[in-house]
Structure formats: C-alpha cells, structure tokens
Amino acid sequence: MSLEQLNAVNDRDMISRLGMVYTDFSDDMLEARLEIDERTRQPFGLLHGGISCAVSESMGSVAANMCVDRERFVCVGIELNASHLRGASSGTVRARCTPIRVGRSTHVWQTDLFDDQDRHLCVSRLTVAVVAADRD
C-alpha cells in the first residue's frame, strides 16, 4: 500500500474534513499530520480533545486493518482511552500510531500526538476486535 492509497481511504470519511494526511508508515508504525485551525479547535481556541480521539481511532483502525487479510477479516474499534497532556492552539500536530499487541482476535494500538516543538499533546490506546468480514 502506498501513502497515496492510504490518503485515498480518508477521502471518503470524516477525517479528511479535518485535514489529516498520512505522511509515513512501516510494518510497525503509521504517521500523520494535521493543522490546528478552525476545523480542529474547541470554543476556547485549543485543539479539541474529540479531534485527538478521532485521529487516534482512525489511525488505529487503519493500522489494524493493514495487518489482517481483508478478504477474511475486518478490524473494528471496541475501546478508546485518551489522556490529553497539554493544550495547543496553533501549528501542526504530528500523530504516530504504533502497535502494543497484534493478536488473532484483538489488537491494541497506541497513538501519540505531538506539537511543532515535539511536546506530547495526547496519548491514546485503541483496542480493536478482529472479526470475520461480512461478504454478503
């Protein structure tokens, strides 16, 4: 899969409206970036916590689905935990998603968000279930 193909996946969903773009990936990592702007700020001017969660859910789900045979399985989020560590009101957010555990029936993915100065904004953990693909 190429970065172009990964970003095309987002063209069909909410995350593209937030301006998130995948920038790099490997066997054990997925990275993306997005701008803090009017689409991603909460009413008090900071990066919205819900945006951090949406980024984490999206990245973890995409990463998990890259690890399974998509003809037979699909990965779906079943639990998300996020700790917002500091606020940011402008600049670029870099998000990095890495596996904690990739099992047969569940995966756990950690996503870390950083600001332009590489300060940790948010850490989250997404648990996904690996279920049979519905091919009806």
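Above this text sits the structure in question.
Conventions adopted
Residues numbered from 1 in each chain as written. Predicted model: local features only at pLDDT ≥ 70, side-chain atom pairs only at ≥ 80, totals over all residues. Heavy atoms only, no water. Buried < 20%, exposed > 50% of the residue type's maximum accessible area, 1.4 Å probe, protein only. Helix = DSSP H or I, 4+ residues; strand = E, 2+ residues; numbered from the N terminus. Pairing = 2+ DSSP bridges. 1 Å grid on protein atoms, 1.4 Å probe; cavity = no way out; pocket = protein on both sides within 12 Å on 5 of 7 lines; lining within 4 Å. Points joined across faces, edges and corners; volume = space filled by probe spheres on them. Nonpolar A, V, L, I, M, F, W, Y, C, P; charged D, E, K, R; others polar. Axes fitted to C-alpha atoms, helices over the stretch in contact; angles between N-to-C directions. Contact = heavy atoms within 4.5 Å. Core = buried A, V, L, I, M, F, W, Y, C linked by side-chain atoms within 4.5 Å.

Talk me through the pairing of strand E5 (residues 106–114); I want residue IDs and the actual numbers.
Counting buried residues along E5, seven of its nine residues qualify, which places the element largely inside the surrounding structure. In terms of strand pairing, strand E4 (residues 92–102) meets E5 through eight bridges, oriented antiparallel. Residue pairing for E5: Cys 97 is matched across the bridge by Thr 111. Between the antiparallel neighbours E4 and E5 lie three residues. In the sheet, E5 pairs with strand E6 (residues 120–132) via nine bridges, with the strands oriented antiparallel.

Lay out the layout of surface pockets in plain terms, naming residues and giving numbers.
Quantified by volume, the largest pocket comes out at close to 190 Å³. Mapped by element, the contributors of at least two residues to the lining of the largest pocket are helix H1 (3–10) and helix H3 (49–65). Top element by residues in the lining of the largest pocket is H3. It accounts for three residues. Class assignment of the residues belonging to the lining of the largest pocket gives a composition of five nonpolar, two polar and one charged.

Help me get a handle on the sheet that holds strand E3 (residues 73–84), residues and values and all.
In spatial order, the strands read E1-E2-E4-E5-E6-E3; together these six strands make up an open sheet with antiparallel pairing. A single partner strand is all that each edge strand has here, and the edge strands are strand E1 (21–26) and E3. For this sheet, the mean inter-axis angle between neighbouring strands, taken without regard to orientation, is 20°. In this sheet, E6 lies alongside E3 in antiparallel orientation, the contact comprising 11 bridges. Of the residues in E6, the one forming a bridge with Glu 79 is Thr 127. Contacts from H1 reach E1 and strand E2 (29–35), with the element oriented near 135° to E1. The sheet strands contacting H3 are E1, E2, E3, E4, E5 and E6, and the helix crosses E3 at an angle near 145°.

Summarise unusual backbone geometry; cite the residues concerned and give the values.
With phi around 65°, Asp 118 is a residue other than glycine that occupies positive phi space. You can see Asp 118 is positioned in the loop between E5 and E6.

Account for the nonpolar core, naming residues and giving values.
In terms of nonpolar packing, the biggest core is built from 30 residues, with Met 20, Tyr 22, Leu 30, Val 55, Met 59 and Val 93 touching the most fellow members. Those elements giving two or more residues to this core turn out to be E2, H3, E4, E5 and E6. Excluding residues that lie within four positions of it along the chain, Val 55 makes contacts with Ile 15, Met 20, Leu 34 and Ala 95.

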